[in-house]
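# Descriptive analysis of the structure
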Amino acid sequence: MDHLLTEDQKMVRRTIREFATEKVRPGAAERDEKEEFPTEILGQLGELGFMGVTTSERYGGAGLDMVSYTLVIEEISQVDASVGLIVSVNNSLICNTLEKYGTEDQKQKWLIPSATGKMLGAFCLSEPDAGSDAASIQTVAEPDGKGYVIRGTKNFITNGQHCDIYLLFAATDRTKGVQGIGAFIIPRNTEGLRIGKKERKMGIRSSDCCSIVLEDVHIPKENRLADEGMGFKIAMTALDSGRIGIASQAVGVAQAALDQAKTYAKLRVQFGRPIAEFQAIQFKLADMDMLVNAARMLVYLAATKKDRGGRFTTEAAMAKLFASDMVIKVTQEALQIHGGVGYTKDYPVERLLRDAKVTEIYEGTSEIQRFVIARSLLRD
Ligand code: CAA
């Protein structure tokens, strides 16, 4: 599939692959085991421009296209899906949104540090009673003359404990439904904001995920992004880009599983021959390779649509749906090819299967992606 990439994109891939191999891969299993957040790696990624891949250079980013961004997330996720997720949230949900909707002051204050890896962002949409039904959020931002007082609880917040800023969605006027939701930037150390329950997850264990409790959190008007009722639209457009990032993460995990299964199949001897010589294994590997490449094509398609400036909601949903479904199949087959050892922690394939599952859940479940695709199909 290299013929689909420009020389510049291949150069980006070479750079991130080298970094991922040298700096991210070595501690990945240990970080997973200890649930250890990769702070140092994020700083280094920031120096290389990978915390704001598509952010303009004047705001501290690398100024690259969306296809390059997918390569960055895929390559990082091949060695550590937790790092892939953290970088994806900061890029697609935070930097991308700040650049699109922020004022010049907001960009100076929050975008530049986020894109250069000096600050880390978290996206606070989900709540205990508002997951797939994002419009039903209960957190309120009550105007108080100078700004807003925010009260509520957000949950499943990626980067929640380690971030510096939260991009948070809250209802400013419940009578207006989705038109009554605002988007706000809340610095980490704001009075009244505290970290709640830390989730102990099945996979992506070195990324951090927790709830955030807001008790009378006062923020000035300048911390509101765009107009007061724009919050829901901002969240949805952010998630369109986010879903391309998660699809890229899934492709990365699946490619790693395929590579490991191939290596193992060539080494493992049974019935007097490497198991790669048996058609049962060859057919599995062939299907896995085809699925990984098909998902990657959908990722490039969605990213290219974004690069060309059109709305890419459906393409992003298709890429995420297909890639997350694919990565489950591919990691399961990779583990099956490994047999008994695949089920142990002696081989990385069990981590890949654990990491894969969440791609069907976060940034919109597979059911929500089907809903988005079907709605667009039936609208025409
Ligand atoms: N782009 C721009 N605008 C959009 C949009 C998009 N992709 N999707 C919806 N909108 C607009 C609509 O046009 C509509 O605007 P008007 O009222 O002006 O017409 C408005 O938003 C309301 O849209 P809907 O009628 O579609 O709203 P809905 O209540 O039916 O919900 C939904 C739609 C697709 C189900 C949405 O709620 C959704 O995506 N749910 C999933 C939530 C989700 O993905 N959560 C992820 C949590 S974050 C996370 O996981 C991050 C992490 O840390 C890893």
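Here, every reference points to the structure presented above.
Residues numbered from 1 in each chain as written. Predicted model: local features only at pLDDT ≥ 70, side-chain atom pairs only at ≥ 80, totals over all residues. Heavy atoms only, no water.

Glancing now at the site of the ligand. What surrounds the ligand is a group of 26 residues, the closest being Ser 132, Thr 158, Gln 179, Arg 243 and Arg 375. A distance of 3.3 Å is found between a nitrogen atom of the ligand and a side-chain nitrogen or oxygen belonging to Arg 311. A distance of 2.8 Å separates an oxygen atom of the ligand from a polar side-chain atom of Arg 375. Starting from 1,100 Å² of accessible surface for the ligand in isolation, the protein chains cover 77%. Its atoms largely coinciding with the cavity grid, the ligand occupies the largest pocket. Residue assignment for the shell around the ligand shows that the elements contributing at least two residues are helix H7 (231–267) and helix H11 (366–379). If you tally residues by element for the shell around the ligand, the top one is H7, at seven residues. Along the lines of polarity and charge, the residues of the shell around the ligand split into twelve nonpolar, eight polar and six charged. (Near = heavy atom within 4 Å. Polar contact = N/O pair within 3.5 Å; in protein donor to acceptor, adjacent residues only side chain to side chain. Areas by Shrake-Rupley, 256 points an atom, 1.4 Å probe, with all protein chains shown as cover. 1 Å grid on protein atoms, 1.4 Å probe; cavity = no way out; pocket = protein on both sides within 12 Å on 5 of 7 lines; lining within 4 Å. Sits in = over half its atoms within 2 Å of the grid points. Helix = DSSP H or I, 4+ residues; strand = E, 2+ residues; numbered from the N terminus. Nonpolar A, V, L, I, M, F, W, Y, C, P; charged D, E, K, R; others polar.)

Every buried residue belonging to helix H3 (residues 39–47) is among Ile 41, Leu 42, Leu 45 and Gly 46, and all of these are buried. Taken end-on, H3 shows its buried residues confined to a sector of 145 degrees, consistent with a single buried face. Facing away from the buried surface of H3 by more than 90 degrees, the exposed residues are Glu 40 and Glu 47. Each element contacted by the buried residues of H3 is listed here: helix H1 (7–24), helix H2 (28–34), helix H4 (66–79) and helix H5 (81–101). Taken from the residues just after H3, Gly 49 is the one with a positive phi, measuring 90 degrees. (Buried < 20%, exposed > 50% of the residue type's maximum accessible area, 1.4 Å probe, protein only. Arc of directions from axis to C-beta. Contact = heavy atoms within 4.5 Å.)

So, on to the layout of surface pockets. Put simply, the largest pocket is a space of about 1,300 Å³. Those elements that place two or more of their residues in the lining of the largest pocket are H5, strand E3 (147–158), H7, helix H9 (313–338), helix H10 (349–357) and H11. Tallying contributions element by element places H11 first for the lining of the largest pocket, with six residues. The volume enclosed by the second largest pocket comes to roughly 520 Å³. If you go around the second largest pocket, you meet 26 residues; those closest to its centre are Lys 100, Tyr 101, Lys 233, Thr 237 and Asp 240. For the lining of the second largest pocket, the elements supplying multiple residues, two or more each, are H5 and H7. With seven residues, the top contributor of residues to the lining of the second largest pocket is H7. Residues of the lining of the second largest pocket, tallied by class, amount to eight nonpolar, twelve polar and six charged. (Points joined across faces, edges and corners; volume = space filled by probe spheres on them.)

Read these as layout, nothing more, since geometry by itself doesn't imply function.
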